[in-house]
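Each chain, written out:
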Amino acid sequence: MQEYRSYANLDDRILNDGDVGFVGFNNRLRPDQLQGGMLVDAQNIRLDRNGEAQVRKGIEVIEAPFAVGGDVLRLPLTGEIDNGTTTILPTTIESANLVGADNKVSIVINDPAVDPGHTFAADDVVAVEGLGFTTVDPNSVAPTSDPLVITSLKTLVSVTDNGDTKTLKYALTGSDETYTTPIVLPQVLNFDLNNNTTQAVIGFNMILDEGSVTEVYASSAFSDPNDNASQYVLIASNLKVVAKNLLTEATVEIAYAPGETIPPTSSMLQAFNKVFIFRKGQVALEWDGSFSAITSGSFEVGKTYTITSLGGNTQANWNTVAGTSGLTYAVGNTFNAATVGVSGTGTATSAFSKVASGTYTQPVQITSTVTTAAGKMTVTAGSAHNLSTGNEVIVEDKAGSNLIVGERYIVTVVDSTTFTIFVQHANESNTPNVIFQQQVSVGLGFTHMPAPEFAVYHQRRLVMPFQFSVNASLNSYTSRGILDEVIASDILDSDTYDQIYAQYRFNAGEADFTVGLHSFSEDNLMVFNRNSIHLISNTTSLQTASTKLLTDEVGCVARQSIQQVGSQVIFLSDNGVYSTQFFDEYNLRGTETPLSEPINETIKRINKDQRGQAVAVYFDNRYFIAVPLDDALRNNAILIYNFLNKQWESIDSVDSEDWDIENLIVAGEGSQRGVYAINRRGGIHKIDARLQGDDLINVSIGGSNETKDVKGSITTRQYTFGNMSRKNWKEFQMHVESSADNTSNFDLSAETENPDGTFTLGTLTSFNGGDALLKTEDVSIRGRIGNRRGHGIQFTVNNTQGRPRIRSLQTQGSTSFRSTQKAE
């Protein structure tokens with residue numbers, strides 16, 4: 001930039017200010033308060049250690065496996081459908097009768113004004129269902145027909161407002177009759193999405209089929225225990241789970257137990273070589289992690305399987321559940337195994353089964369005969385042993401065997417009366433009267449898994465909220481009315497929970513509840529409540545475990561935001577993103593200010609009503625946290641903290657209103673390793689995957705992929721030369737490099753303060769001889785500002801093409817106004 005060789009006393013010296021690199025952004029301080037290298041804003045940007053600010057790589061759709069039938073209607077729906085009427089939910093009918101003299105049916109409904117979507121007017125076309133009649137049918141759907149086939153829609157001739165009710169009339173010829181409804185009013189309509197033909201309802205023509213409406217409700221990374229080279233991402237809809245192999249790109253479908261679906265608030269976890277799906281207040285589901293085909297002689301009683309080949313089996317061979325002999329099975333059907341050793345040559349694969357529930361069978365002595373060969377002991381019990389593979393047994397009476405009393409072994413179940421263990425004893429044959437015993441409860445007795453909403457793996461145990469008690473009847477649970485208590489499973493046993501020594505309660509009686517759990521080092525389990533944080537230590541032996549309060553000054557608002565980075569544990573709190581840290585071996589405490597304090601203006605934009613959905617991961621020296629900004633109902637942006645630069649790096653977003661992040665997952669090996677974003681309506685997407693300057697996404701179940709530009713931008717700090725004087729801003733200079741994969745272009749603008757003004761400076765192309773910057777090319781561009789006045793100036797770069805690197809930016813000006821009077 002031009003300067004004079006020398007200056008006289010009254011000359012305005014030309015001054016320079018700028019940045020030779022960028023390390024992060026801060027929108028808490030004023031732009032003129034920021035230190036060198038700091039930005040005011042960074043959207044879809046990555047900041048390298050060398051100070052370059054580059055537009056992020058694009059998002060790549062990896063799998064969008066779910067589809068929806070063409071007849072399915074998603075609610076709520078705005079607009080019109082084929083018959084010209086707006087679709088709404090059904091409304092309960094309070095009473096109905098036919099007045100023969102008027103040839104009109106009068107239907108009285110509760111006033112739908114409580115739901116703005118329920119509006120009726122004359123000439124509306126509606127469907128009426130469930131009215132009991134003796135002469136003329138007033139319904140729109142024939143009771144014996146397909147419930148999706150509308151036989152006779154009704155046109156309303158009048159709608160009368162009665163205050164608390166409304167009367168709807170439509171034409172029908174017949175004699176006087178009072179219709180009956182199967183609903184006793186007043187009561188809330190118990191509407192069955194799968195079969196709505198048995199209830200008295202009125203609504204516009206619609207099709208509701210829960211089994212056909214699919215979204216992603218839970219997801220998890222999965223590592224195949226039998227294949228170290230393969231890693232998967234599992235995504236669960238209400239119909240099935242799809243496993244995506246990140247190495248081979250193949251997908252595998254995993255079914256649920258018959259009649260089971262997954263609600264939106266589910267969570268998924270891999271532990272004990274199994275995958276669990278937790279459904280708050282409902283029996284959890286588990287899958288053994290095997291994709292291998294199973295012969296029909298190797299089923300485990302009570303587990304669910306999907307038929308892959310019928311082979312030589314007759315129909316009866318697959319009907320292993322009592323009372324299902326009349327069913328017809330085919331390839332793809334699921335069934336619950338009720339017997340072991342079914343004959344035939346067919347094969348099946350394991351599906352998600354319901355975990356054990358109902359009355360817990362407390363451990364009993366297992367009197368057996370043992371035979372050992374080559375270190376493997378076969379144990380044959382005199383009756384059903386009620387064990388599962390992975391359970392632990394203790395030698396209680398060795399009888400004449402080579403065992404030692406008190407030895408503990410992990411069992412492998414062969415059938416209902418036989419299991420095997422590995423021993424370091426001499427061979428023996430048919431030694432009788434050996435007694436084994438499972439671990440006996442030291443409290444109120446064992447219970448099955450108490451239908452949690454989530455769980456974590458800690459010290460070979462599952463730890464989860466203890467909000468429900470397990471009833472005697474299968475799959476039945478009762479709320480305990482306690483929200484601040486957790487319970488731990490027995491070691492390597494997800495079905496067994498001690499109701500005294502394995503449960504821990506925090507802040508009993510206070511306005512607090514458990515939000516999340518995190519397994520820390522040194523046998524410490526952190527319990528994040530809404531208003532406090534606690535620590536459980538020494539959980540290896542439950543009788544000696546202890547708890548302590550870490551802090552009641554801060555709590556966690558989003559379970560999936562909790563991440564450990566070295567000695568720090570980071571999470572979303574009321575104050576923003578907060579961090580606790582072990583400062584020494586025994587002292588865990590929180591930092592005084594939130595980690596997110598520098599971007600507090602962004603934190604204030606998080607939708608407080610939806611922030612519990614926030615989810616975070618740690619990868620590539622960065623903390624990624626997806627949050628719902630502004631009025632978004634789901635996570636629509638990702639805030640990124642760079643641990644190398646020790647600064648917040650970017651606010652990532654996608655140029656689509658339908659884009660949301662249900663979960664973030666770190667998965668894959670080699671080049672597949674990365675952060676995967678799960679979109680509720682699309683599927684699996686990989687972050688920072690496309691070298692092009694665009695995102696390839698899928699945001700609609702059954703829809704096609706869409707390409708969206710990555711809208712990268714930076715706004716610099718305000719340059720003032722370190723003083724408050726008014727200046728004339730004369731020139732700027734930038735060093736820019738294009739990526740190796742794209743040509744580059746961007747828009748450049750500037751803003752002055754006092755006096756305020758915003759103006760366009762041009763484009764990269766305009767400063768580069770009319771051409772976009774070629775791949776791998778770098779250039780130093782210069783431009784005039786035109787003596788714009790202001791005490792400070794800042795610049796904004798908006799990317800329009802490629803992924804340019806902004807290396808440095810400098811500006812030049814001089815003091816222009818020294819008067820003590822007001823500057824105009």
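Residues numbered from 1 in each chain as written. Predicted model: local features only at pLDDT ≥ 70, side-chain atom pairs only at ≥ 80, totals over all residues. Heavy atoms only, no water.

K.L.:
Hey, could you run me through the overall build of the protein chain in this one?
P.N.:
Counting secondary structure elements, the protein chain contains two helices and 64 strands. Across the 824 residues in the protein chain, those meeting the buried criterion constitute 51%. Long-range pairs, those at least 24 residues apart, make up 62% of the contacts in the protein chain with a sequence separation of at least 6. Carbon and sulfur atoms form 46% of the exposed surface of the protein chain, whose accessible area is close to 36600 Å². (Helix = DSSP H or I, 4+ residues; strand = E, 2+ residues; numbered from the N terminus. Buried < 20%, exposed > 50% of the residue type's maximum accessible area, 1.4 Å probe, protein only. Contact = heavy atoms within 4.5 Å. Areas by Shrake-Rupley, 256 points an atom, 1.4 Å probe, with all protein chains shown as cover.)

K.L.:
Would you take a moment to explain the pairing of strand 51 (residues 637–642) for this structure?
P.N.:
The two faces of the sheet receive side chains in turn, since in a regular strand these alternate between them. For strand 51, the buried fraction is high: six of the six residues fall into the buried class. Here six bridges tie strand 50 (residues 622–627) to strand 51, and the two strands are oriented antiparallel to one another. Following the sheet pairing, Ile625 is matched in strand 51 by Leu639. Where strand 51 lies against strand 52 (residues 647–652), five bridges are found, and the strand directions are antiparallel. Its bridge partner lying in strand 52, Ile638 is registered against Asp652. (Pairing = 2+ DSSP bridges.)

K.L.:
Explanation requested: the sheet that holds strand 23 (residues 334–336) in the structure shown.
P.N.:
Strands pair in a sheet through their backbones, by hydrogen bonds, and they do so in one of two ways: parallel or antiparallel. An order of 21-24-22-23 is seen for the four strands of this open sheet, with the pairing classed as antiparallel. Both edges of this open sheet fall to strand 21 (294–295) and strand 23, since each of them pairs with a single strand only. Relative to strand 24 (residues 347–350), strand 21 runs antiparallel, the two being bridged by two bridges. If you follow Thr295 over to strand 24, its bridge partner there is Thr347.

K.L.:
Explain unusual backbone geometry here, please?
P.N.:
Most peptide bonds take the trans form, and the phi angle of most residues other than glycine is negative. With an omega dihedral of -5 degrees, the bond running from Asn754 to Pro755 counts as a cis peptide bond. Within the element layout of this structure, Pro755 appears in the loop between strand 60 (745–753) and strand 61 (757–763). The backbone of Asn273 sits at a positive phi, close to 60 degrees, despite the residue not being glycine. Residue placement: Asn273 occurs in the loop between strand 18 (267–271) and strand 19 (274–279). A positive phi angle, near 55 degrees, is found at Asn787, a position not held by glycine. Assignment of secondary structure puts Asn787 in strand 62 (residues 778–790).

K.L.:
In this structure, what is going on with the nonpolar core? I would like to understand it.
P.N.:
Here is a general trend for soluble globular proteins: nonpolar side chains tend to be buried in one another's company. Among the nonpolar cores identified, the biggest contains 53 residues, and Val577, Tyr623, Trp648, Met734, Phe746, Phe795 and Ile806 are the most heavily contacted of them. If one sorts the elements of this core by residue count, strand 59 (residues 726–737) sits on top with four residues. Counting residues in hydrophobic clusters, the runner-up holds 19 residues, among them Val283, Ala284, Met449 and Phe466. (Core = buried A, V, L, I, M, F, W, Y, C linked by side-chain atoms within 4.5 Å.)

K.L.:
For this particular structure, what's the right way to read the sheet that holds strand 43 (residues 533–537)?
P.N.:
In spatial order, the strands read 41-42-43-44; together these four strands make up an open sheet with antiparallel pairing. The open sheet has two edge strands with one neighbour each: strand 41 (514–520) and strand 44 (546–551). Strand after strand, the sheet turns through a mean of 25 degrees between neighbouring axes, direction not considered. Examined bridge by bridge, strand 43 and strand 44 share five bridges and lie antiparallel to one another. Opposite His534, over in strand 44, you have Leu549 as the bridge partner. (Axes fitted to C-alpha atoms, helices over the stretch in contact; angles between N-to-C directions.)

K.L.:
I'm lost on the packing of aromatic side chains in this one. Help?
P.N.:
Think of a pair of aromatic rings as described by two things: how far the centres are apart, and how the planes are tilted against each other in angle. Evaluation of the coordinates by the stated rule reveals 21 aromatic pairs. The ring of Phe466 has Arg480 sitting right over it, with the charged end atom 3.9 Å from the ring centre. In this structure, Arg788 packs its charged tip against the face of Phe759, placed 4.2 Å from the ring centre. (Phe/Tyr/Trp six-rings, centres within 6.5 Å; stacked < 30°, edge-to-face > 60°. Lys NZ or Arg CZ within 6 Å of the ring centre and 35° of its normal.)

K.L.:
Help me out: how do you make sense of the environment of Ser309 in this one?
P.N.:
With respect to the secondary-structure elements, Ser309 resides in strand 22 (residues 304–309). By relative accessible area, Ser309 is classed as partly exposed at 28%. With 37 residues separating them along the chain, Ser309 and Gly346 place their C-alpha atoms 5.0 Å apart.

K.L.:
Honestly, the confidence of the model for the protein chain in this entry has me stumped. Any pointers?
P.N.:
Here the protein chain averages 82 in pLDDT, and 81% of its residues register 70 or above. Low pLDDT (under 50) marks residues 142–150, which in the prediction has 11 contacts with non-local residues, meaning those over four places away or in another chain. Predicted confidence for residues 204–211 stays below pLDDT 50, and this span has 35 contacts to residues more than four positions away or in other chains. (pLDDT = per-residue confidence, 0-100.)

K.L.:
What is the right way to look at the pattern of salt bridges in this model?
P.N.:
Where charged atoms from two side chains of opposite charge come close, those side chains can pair. On inspection of all chains with the given rule, the structure shows 33 salt bridges. A salt bridge links Glu286 to Lys303, with the nearest nitrogen and oxygen atoms 2.4 Å apart. With Glu286 in strand 20 (residues 282–287) and Lys303 in the loop between strand 21 and strand 22, this residue pair connects regions lying 17 residues apart in the sequence. A salt bridge links Asp694 to Arg690; the shortest N-O distance between them is 2.8 Å. Across the pair, Arg690 and Asp694 agree in class, each one buried. Look at the salt bridges and you will find they share partners, linking Arg46, Arg56, Asp652, Asp688 and Asp695 into a network. (Salt bridge = Lys/Arg side-chain N within 4 Å of Asp/Glu carboxyl O.)

K.L.:
Looking at this model, I keep getting lost on the side chain of Asn745. Mind explaining?
P.N.:
Topologically, Asn745 is positioned in strand 60. By relative accessible area, which is 12% here, Asn745 ends up buried. Within polar-contact distance, the side chain of Asn745 engages the backbone nitrogen of Leu764 at 3.3 Å. Setting aside its immediate chain neighbours within four residues, Asn745 contacts Thr763, Leu764, Thr765, Asn799, Thr800 and Gln801. (Polar contact = N/O pair within 3.5 Å; in protein donor to acceptor, adjacent residues only side chain to side chain.)

K.L.:
Can you walk me through the environment of Arg530 in this structure?
P.N.:
For Arg530, the location among the structural elements is in the loop between strand 42 (524–529) and strand 43. Counting along the chain gives 15 residues from Arg530 to Val515, while the straight-line C-alpha distance between them is 5.9 Å. In this structure Arg530 touches Asp512, Phe513, Val515, Gly555, Cys556, Val557, Asp574 and Arg611, once residues within four positions along its chain are discounted. Among the polar contacts listed, one links the side chain of Arg530 to the side chain of Asp574, at a separation of 2.8 Å.

K.L.:
Sorry if this is basic, but what is going on with a nonpolar patch on the surface here?
P.N.:
On the surface, Ile410, Tyr457 and Leu492 cluster together into a nonpolar patch covering about 240 Å² of accessible area. Locating Ile410 in the fold gives a position in strand 29 (residues 408–410). Residue Ile410 is classed as partly exposed on the basis of its relative accessible area, which comes to 42%. (Patch = residues over 30% accessible without salt bridge, like charges linked within 9 Å, V, L, I, M, F, W, Y side chains within 5 Å.)

K.L.:
What is the right way to read the side chain of Ser220 from this model?
P.N.:
Position of Ser220 among the secondary structure elements: in strand 14 (residues 218–223). Its relative accessible area of 11% is what places Ser220 among the buried residues. Residues within four places of Ser220 in sequence aside, it is in contact with Tyr232, Val233, Leu234, Met268, Leu269, Gln270 and Ile665.

K.L.:
So what exactly am I meant to see when it comes to the environment of Arg807 here?
P.N.:
Within the fold, Arg807 resides in strand 64 (residues 805–817). In this structure Arg807 comes out as partly exposed when scored by relative accessible area, which is 28%. Note: C-alpha distance between Arg807 and Ser780 (27 residues apart in sequence) is 9.8 Å. With near-sequence residues (within four places) excluded, Arg807 lies in contact with Val20, Gly21, Phe22, Gly51, Glu52, His735, Glu737 and Asp778. Among the polar contacts made by the side chain of Arg807, one reaches the side chain of Glu52 at a distance of 3.2 Å.

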